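# Analysis of the macromolecular model
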Amino acid sequence: MRSPHRTDQTPDRTDGGSEAAAAGLVRLSDLPPGVLRDIALVWLADAVVGVSFGAIAVGGGLPLWVPVLMSLLVYAGSAQFSAVGLLTAGGGPVAAAATGLLLNSRTAAFSLALAEDLGRSWAARLIGAHLITDETAAFVLAQRGRRQRKAAFWISGIGLFVAWNLSVLAGALAGSALGDTDRFGLDAAFPAVLLALVLPALRGDSAARRASAAGAVIAVAAAPLLPAGVPVLLALLGLLAARRGPRRPRTTARTPTPGSAS
């Protein structure tokens, strides 16, 4: 509904909500201060894990083109690790593909949450859907303005895709020269980065704290009983806890004043 009294359109410019801003090109200046630094740190962590994935795949006996092509077409870190684990253990491609689909099904929820931030055209949404990951979703949901959310998605998403694929290729070329990649603690890189990304949301939103706590309990309880990856999917049931009780984000009253920094 449009009110006849709403004639001032200038607030749309502050949060990037105008149609022109939504259709414009993404710029680095659209990101809030410090966000690009955080994105770059995730790129670095992504590259480290990508090297380990490429090395594990080739070291396990798979041809070099398998991890490289999988990273280009599938582009799902945890699903790729699980699929390669099954293939190197003697499992068939059907089982590997089914496991990957199951693990990556969580991105369907991300797609619903981020749909408006990808763009309006079918090409933007098709490409954007391929770039959706846990990390890009975390960066987008941490932003407030529409322009900032769109910039966070495309800058983090394209950078992660490039970093992941180049590092997988480098790891695959290195082959088994790295030896046992577990001794480097590479498996802890992504969880540490994701925890750092979600901590601000947990501090400021009681619903997010309830959902994350419930999901963590479910995942830990299911881990000894179910195959790897399934407890993470079950942890999505923790979202039901967010519906219980009032949603009280920690906010402070803001009164716009001339010259105040946002």
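Coordinates for the structure precede this section.
Here the structure is a predicted model, which is why all the values come from computation and not from measurement.

Here we come to the packing of helix H5 (residues 77–88) against helix H6 (residues 93–104). It is at 8 Å that the axes of H5 and H6 come closest, and there the two elements cross at 160°. Relative to H6, H5 is oriented roughly antiparallel. Seen along the crossing, H5 lies across H6 with a hand that is right-handed. Of the residues in H6, those touching H5 at Ser78, Ala79, Ser82, Ala83, Leu86 and Leu87 are Pro93, Ala95, Ala96, Thr99, Gly100, Leu103 and Asn104. Residues that form the contact of H5 with H6 fall into these classes: eight nonpolar, five polar and no charged.

Let's shift gears to the packing of helix H8 (residues 122–131) against helix H10 (residues 146–174). A packed helix pair is summarised by two numbers, namely the angle formed by the two axes and the spacing between the axes. Closest axis-to-axis distance for the H8/H10 pair is 9 Å, and the angle between their directions is 60°. When the interaxial angle is binned, H8 and H10 end up oblique. Of the two elements, H8 crosses H10, and the hand of that crossing is left-handed. Judged by residue contacts, Ala124, Ile127, Gly128, His130 and Leu131 of H8 engage Phe153, Trp154, Gly157, Ile158 and Phe161 from H10. Broken down by class, the residue content of the contact of H8 with H10 amounts to seven nonpolar, three polar and no charged.

This part takes up the packing of aromatic side chains. By convention here, two paired aromatic rings are described through the distance between centres and the angle between planes. One pass over the full model with this rule turns up four aromatic pairs. With a centroid separation of 5.2 Å and an interplanar angle of 70°, the aromatic rings of Phe53 and Phe81 are classed as edge-to-face. You can see Phe53 sitting in helix H3 (residues 35–59) and its partner Phe81 sitting in helix H5, a full 28 residues away along the chain. Since its relative accessible area comes to 0%, Phe53 is described here as buried. You can call Phe81 partly exposed: its relative accessible area is 28%. Centroid distance Tyr75 to Phe161: 5.0 Å. Interplanar angle 75°. Geometry classified as edge-to-face. Placement of Tyr75 in the loop between helix H4 (65–73) and H5 and of Phe161 in helix H10 is noted, with a sequence separation of 86 residues between them. We note that Tyr75, like Phe161, is buried.

What counts as what
- Residues numbered from 1 in each chain as written.
- Predicted model: local features only at pLDDT ≥ 70, side-chain atom pairs only at ≥ 80, totals over all residues.
- Heavy atoms only, no water.
- Axes fitted to C-alpha atoms, helices over the stretch in contact; angles between N-to-C directions.
- Helix = DSSP H or I, 4+ residues; strand = E, 2+ residues; numbered from the N terminus.
- Parallel < 35°, antiparallel > 145°, perpendicular 65-115°, else oblique.
- Left-handed = near helix turned anticlockwise from the far one by under 90°.
- Contact = heavy atoms within 4.5 Å.
- Nonpolar A, V, L, I, M, F, W, Y, C, P; charged D, E, K, R; others polar.
- Phe/Tyr/Trp six-rings, centres within 6.5 Å; stacked < 30°, edge-to-face > 60°.
- Buried < 20%, exposed > 50% of the residue type's maximum accessible area, 1.4 Å probe, protein only.

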